[in-house]
Amino acid sequence: MNRHELVDVGTVRLSSLLLGRSKFFSRSIESPPIGEVVAGARVPELGSTEFAESAVRRVPVETPIGTYETAYLPWQWRGPDQPTLLYHHGSGERPFDFGRFSSNSVRRLFDTPDGSFPGNLIALRAPFHDRSSRAYARSMGDLENFVGMLASSTALVDGLLRQLDDASSPVVVSGISLGGWVTTLHRAFHDSADRYAPIFAGAALGEMFVSSVYRRMTGSRAREHPQRLRTVLDFEEAFLGVEASDCSPLLARYDRIIEFDRQTAAYDGMDVSVIEKGHVTGSLAAGPIRAWLMEQVPESG
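In this report, the structure presented in the accompanying data block is examined.

## Quick word on the environment of Ser15
Move 1: Examined against the element boundaries, Ser15 turns out to sit in helix H1 (residues 3–19).
Move 2: The sequence separation of Ser15 and Arg216 amounts to 201 residues, and the corresponding C-alpha distance is 8.9 Å.
Move 3: At 2.8 Å, the side chain of Ser15 forms a polar contact with the backbone oxygen of Thr11.

Next up, the structure:
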């Protein structure tokens, strides 16, 4: 293993110890397949929302397995004639915490001194990400909550795309890790954005909990039923069924969580960009990721 892989393995091992009994799906592995929940999720009409006002807006999403609260923040709005990026954070982040000692991908990627992002930027927040890390971990004890969380964020993306339907410039959907899965889920089951730019994600979501080092974060009962996780969480068939050439993924070659060789299977024939890092070291490489994202957002006009 190189140093990037070692950091991934060490981080997961330490996180697993800190979680103790609060591992993923440690209470329940019951849930409908994620595709069914995504298809049945409903976000209310966002009305005449003014994106120009930079304020957090909470949005409840009704799904077949319950109601979950999402949120979004118009980070930068330059007008409907400018391209728009919908960006979704990673797992366990508090994306709208911009305190002095906070750390999240929204801040790392976009809170730059030159404010050089070329267009509109709207940041999204998944359910359970407005609370402590311990509370988030407890919520993930039920597979149903994990599925509902992803389906709700996917529905929020869809609601924002409908709200932006009158915009005259393209809309790009992107996100890192958890946000990358939301990005590929939306493409698989809605495919209504102009462009998708998933970061460190694929379409074999169940596989991450079954065969990667991340299985250490999974409860013992779930580890004993790997096919159950694959059946509920994988959506490769739906993703591969989309014929549009509208997806440009970014993967980390030495990622031990979103394993490169396994997840590239869903991107056959696509232009896959590769960063020579692991999951953790790649996530912290704000400069290269920001530069890559700039390339995914079309120039205005």
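Right, picking up where we left off after that structure.
## Topic: the packing of aromatic side chains
Move 1: Evaluation of the coordinates by the stated rule reveals 17 aromatic pairs.
Move 2: Taken together, a centroid distance of 5.2 Å and an interplanar angle of 70 degrees make the contact between Trp75 and Phe98 edge-to-face. Pair noted here: Trp75 is in strand S2 (residues 66–76) and Phe98 is in the loop between strand S3 (84–88) and helix H3 (105–110), with a separation of 23 residues, a long-range link.
Move 3: Given a relative accessible area of 23%, Trp75 falls into the partly exposed group.

## Considering the nonpolar core
Move 1: Counting residues in each nonpolar core, the largest one holds 94 residues, and the members touching the most others are Phe25, Leu86, Phe146, Leu205 and Phe209.
Move 2: Here this core takes 11 residues from helix H5 (residues 143–163), the largest share from any one element.
Move 3: When near neighbours in sequence (up to four residues on either side) are disregarded, Phe209 contacts Phe24, Phe25, Phe146, Tyr214, Arg215, Thr218, Leu229 and Leu233.

## A word on the side chain of His279
Move 1: Position of His279 relative to the elements: it lies in helix H12 (residues 279–283).
Move 2: Separated by 2.8 Å, the side chains of His279 and Asp255 make a polar contact.

## Considerations on unusual backbone geometry
Move 1: The phi dihedral of Phe128 is positive, around 75 degrees, even though this residue is not glycine.
Move 2: Locating Phe128 in the fold gives a position in the loop between strand S4 (120–125) and helix H4 (133–139).
Move 3: Under the relative-accessibility criterion, Phe128 is labelled buried at 12%.
Move 4: Positive phi outside glycine occurs at Phe200, with the angle close to 55 degrees.
Move 5: With respect to the helices and strands, Phe200 occurs in the loop between strand S6 (195–199) and helix H7 (205–211).
Move 6: Since its relative accessible area comes to 0%, Phe200 is described here as buried.

## Focus: the pattern of salt bridges
Move 1: Considering all chains together, one arrives at 13 salt bridges under this definition.
Move 2: The partner of Arg27 in a salt bridge is Asp142, and the shortest N-O contact between them spans 2.9 Å. Taken together, the residues span a long stretch of sequence, with Arg27 in the loop between H1 and helix H2 (34–40) and Asp142 in the loop between H4 and H5 at a distance of 115 residues.
Move 3: Judged by its relative accessible area of 45%, Arg27 is partly exposed.
Move 4: Asp246 is the partner of Arg187 in a salt bridge, and the nearest nitrogen-oxygen pair spans 2.7 Å. In this pair, Arg187 sits in helix H6 (residues 178–189) while Asp246 sits in the loop between helix H10 (236–240) and strand S7 (250–252), placing the two residues 59 residues apart along the sequence.

## Here's the deal with H5
Move 1: Its 21 residues place the ends of H5 30 Å apart at the C-alpha level, agreeing with the 30 Å of an ideal helix rising 1.5 Å per residue.
Move 2: For H5, the buried fraction is high: 18 of the 21 residues fall into the buried class.

So, how was this worked out
- Residues numbered from 1 in each chain as written.
- Predicted model: local features only at pLDDT ≥ 70, side-chain atom pairs only at ≥ 80, totals over all residues.
- Heavy atoms only, no water.
- Helix = DSSP H or I, 4+ residues; strand = E, 2+ residues; numbered from the N terminus.
- Polar contact = N/O pair within 3.5 Å; in protein donor to acceptor, adjacent residues only side chain to side chain.
- Phe/Tyr/Trp six-rings, centres within 6.5 Å; stacked < 30°, edge-to-face > 60°.
- Buried < 20%, exposed > 50% of the residue type's maximum accessible area, 1.4 Å probe, protein only.
- Core = buried A, V, L, I, M, F, W, Y, C linked by side-chain atoms within 4.5 Å.
- Contact = heavy atoms within 4.5 Å.
- Salt bridge = Lys/Arg side-chain N within 4 Å of Asp/Glu carboxyl O.
- Expected span 1.5 Å × (residues − 1).

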